[in-house]
Amino acid sequence: AQSVTQPDIHITVSEGASLELRCNYSYGATPYLFWYVQSPGQGLQLLLKYFSGDTLVQGIKGFEAEFKRSQSSFNLRKPSVHWSDAAEYFCAVGAPKTSYDKVIFGPGTSLSVIP
Amino acid sequence: EAGVAQSPRYKIIEKRQSVAFWCNPISGHATLYWYQQILGQGPKLLIQFQNNGVVDDSQLPKDRFSAERLKGVDSTLKIQPAKLEDSAVYLCASSLASGNSYNEQFFGPGTRLTVL
């Protein structure tokens, strides 16, 4: 069964600084990988996803993530953080060719942005 | 296009009471999910429907939780009786029919339940 960890519970960055959120997964083959963002009081929104192919994927809101098979990682990055990026970020993993699009979510990383 | 609708947005009850949450998925989405998100944790899948059939309910506490999707459209999740540890946000999501390719899940705003 697949699983995902996010080592950082909370991160604080200054506005305009770069950001990297870490995600590690456990799965026997190449999984589907996702990053979601959850703003206070709102549901989850998909930032980006990786299924196959180019290991650097671009998402919405200026985010990107890189799949590294050798490290079982899928870290999320943004070159310059905006105050509106303050939110909870969840990495998720899905198992290809299993039924019904099930994904497992990590525990989340809370991002605070200092003006 | 309208998103996933959930009601109520907030609910406060006392332990041992019952509560129900409602979800209306995006039109045309055959798959519907209910997640439980405890504070400080990621969402945990409780139950997944494909049309009006249950696909996965392995993590649903069936002694107190129940869910139905009778006409394959909207769904209700019920807790009876509620316990303190049921305090959480209950998220509903929907996606197009599942198959060999992954279909993105779209999430509603959630219902925040507080059990006193």
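Just above, that's the structure.
Residues numbered from 1 in each chain as written. Chains lettered and ligands numbered in written order. Predicted model: local features only at pLDDT ≥ 70, side-chain atom pairs only at ≥ 80, totals over all residues. Heavy atoms only, no water.

K.L.:
Teacher, can you tell me more about the overall build of chain A here?
P.N.:
Check the secondary structure of chain A and you find 0 helices and 12 strands. Sequence-ordered secondary structure for chain A, helices as α and strands as β, is β-β-β-β-β-β-β-β-β-β-β-β. Whereas a compact globule of 115 residues would reach a radius of gyration of roughly 13 Å, chain A reaches 14 Å, a difference of no more than 12%. Reported as C-alpha extents along the three principal axes, the dimensions of chain A are approximately 45 × 30 × 25 Å. Going through the 115 residues of chain A one by one, you find that 45% of them count as buried. For chain A, restricting intrachain contacts to residue pairs at least 6 apart in sequence, the fraction spanning at least 24 positions comes to 54%. (Helix = DSSP H or I, 4+ residues; strand = E, 2+ residues; numbered from the N terminus. Rg over C-alpha atoms; globule rule 2.2 N^0.38 Å. Buried < 20%, exposed > 50% of the residue type's maximum accessible area, 1.4 Å probe, protein only. Contact = heavy atoms within 4.5 Å.)

K.L.:
Please explain the nonpolar core as it appears in this structure.
P.N.:
The tendency in soluble globular proteins is for nonpolar side chains to be buried side by side. Judged by nonpolar contacts, the single largest core of 26 residues is most densely connected at Leu19(A), Trp35(A), Leu47(A), Leu48(A), Phe74(A), Leu76(A) and Tyr89(A). When residues of this core are traced back to their parent elements, those giving at least two are strand E2 (10-14), strand E3 (19-21), strand E5 (32-38), strand E6 (44-50), strand E8 (64-68), strand E9 (73-78), strand E10 (87-94) and strand E12 (109-114) of chain A. Among the elements that make up this core, the one with the highest residue count is E10(A) (4 residues). Residues within four places of Leu19(A) in sequence aside, it is in contact with Ile11(A), Val13(A), Phe63(A), Leu76(A), Arg77(A), Lys78(A), Val81(A) and Leu111(A). Core analysis: the next-biggest nonpolar cluster, separate from the first, contains 21 residues, Ile13(B), Leu32(B), Phe49(B) and Leu60(B) among them. (Core = buried A, V, L, I, M, F, W, Y, C linked by side-chain atoms within 4.5 Å.)

K.L.:
Just checking my understanding: could you explain the pairing of strand E11 (residues 111-115) of chain B for this structure?
P.N.:
Residues and elements named next belong to chain B. Residue alternation in E11 divides its side chains into a buried set, Thr-111, Leu-113 and Val-115, and an unburied set, Arg-112 and Thr-114. Pairing analysis gives 4 bridges linking strand E2 (residues 10-13) to E11, with the strands arranged parallel. The residue bridging Lys-11 from the neighbouring strand is Leu-113, located in E11. (Pairing = 2+ DSSP bridges.)

K.L.:
Explain the pattern of salt bridges here, please?
P.N.:
Residues and elements named next belong to chain A. Using the criterion set out here, one finds 6 salt bridges over all chains in the structure. With a shortest N-O distance of 3.2 Å, Glu-66 and Arg-77 are connected by a salt bridge. Here Glu-66 is found in strand E8, whereas its partner Arg-77 is found in strand E9, with 11 residues between them in sequence. Among the residues examined, Glu-66 registers a relative accessible area of 23% and is labelled partly exposed. (Salt bridge = Lys/Arg side-chain N within 4 Å of Asp/Glu carboxyl O.)

K.L.:
In this structure, what is going on with the packing of aromatic side chains? I would like to understand it.
P.N.:
For any pair of aromatic rings, geometry is given as the distance between the ring centres together with the angle between the planes. Residue and element names in this part refer to chain A. As enumerated under the stated definition, the model contains 15 aromatic pairs over all chains in all. Here Tyr-50 and Phe-67 contribute two aromatic rings whose centre-to-centre distance is 4.6 Å and whose plane-to-plane angle is 25°, an arrangement assigned as stacked. In this pair, Tyr-50 is assigned in strand E6 and Phe-67 in strand E8, connecting sequence segments 17 residues apart. Each member of the pair Tyr-50 and Phe-67 is classed as buried. (Phe/Tyr/Trp six-rings, centres within 6.5 Å; stacked < 30°, edge-to-face > 60°.)

K.L.:
Just checking my understanding: could you explain unusual backbone geometry for this structure?
P.N.:
In most cases, non-glycine residues show a negative phi, while peptide bonds are predominantly trans. The peptide bond linking Ser7(B) to Pro8(B) adopts the cis configuration, its omega dihedral lying at -10°. Within the element layout of this structure, Pro8(B) appears in the loop between strand E1 (5-7) and E2. With an omega of -5°, the peptide bond between Gln80(B) and Pro81(B) qualifies as cis. In this fold, Pro81(B) is placed in the loop between strand E8 (75-79) and strand E9 (88-95). The phi torsion at Ser72(A) lies on the positive side, around 50°, for a residue other than glycine. Note on placement: Ser72(A) falls in the loop between E8 and E9. Looking at Ser72(A), the relative accessible area reads 25%, which means it is partly exposed.

K.L.:
Would you explain the interface of chain B and chain A in this entry?
P.N.:
Where interface size is quoted, it is often the accessible area lost as the parts come together. Residue-level contacts link 27 residues of chain B with 18 residues of chain A. When the two sides are added together, the surface that chain B and chain A hide from each other amounts to roughly 1800 Å², 54% of it contributed by carbon and sulfur. For the chain B face of the interface with chain A, the top three residues by lost area are Pro43(B), Tyr102(B) and Phe107(B), together amounting to 33%. Counting the contacts that link chain B with chain A gives 1 residue pair in polar contact (both at pLDDT 80 or more). The residue inventory of the side of chain B that touches chain A, partitioned by class, reads 10 nonpolar, 14 polar and 3 charged. (Buried area = accessible area lost by both parts, 1.4 Å probe. Polar contact = N/O pair within 3.5 Å; in protein donor to acceptor, adjacent residues only side chain to side chain. Nonpolar A, V, L, I, M, F, W, Y, C, P; charged D, E, K, R; others polar.)

K.L.:
Help me out: how do you make sense of the state of the cysteines in this one?
P.N.:
Among covalent bonds in proteins, the disulfide is the one between the sulfur atoms of two cysteines. All names here are of chain B. Overall, the coordinates contain 2 disulfides over all chains when judged by the stated rule. Bridging Cys-23 to Cys-92, the disulfide has an S-S length of 1.9 Å. As the torsion about the S-S bond is roughly -70°, the Cys-23-Cys-92 disulfide counts as left-handed. Residue Cys-23 is found in strand E3 (residues 19-24), and its partner Cys-92 is found in strand E9; the two are separated by 69 residues along the sequence. Each member of the pair, Cys-23 as well as Cys-92, carries the same accessibility label: buried. (Disulfide = S-S within 2.5 Å.)

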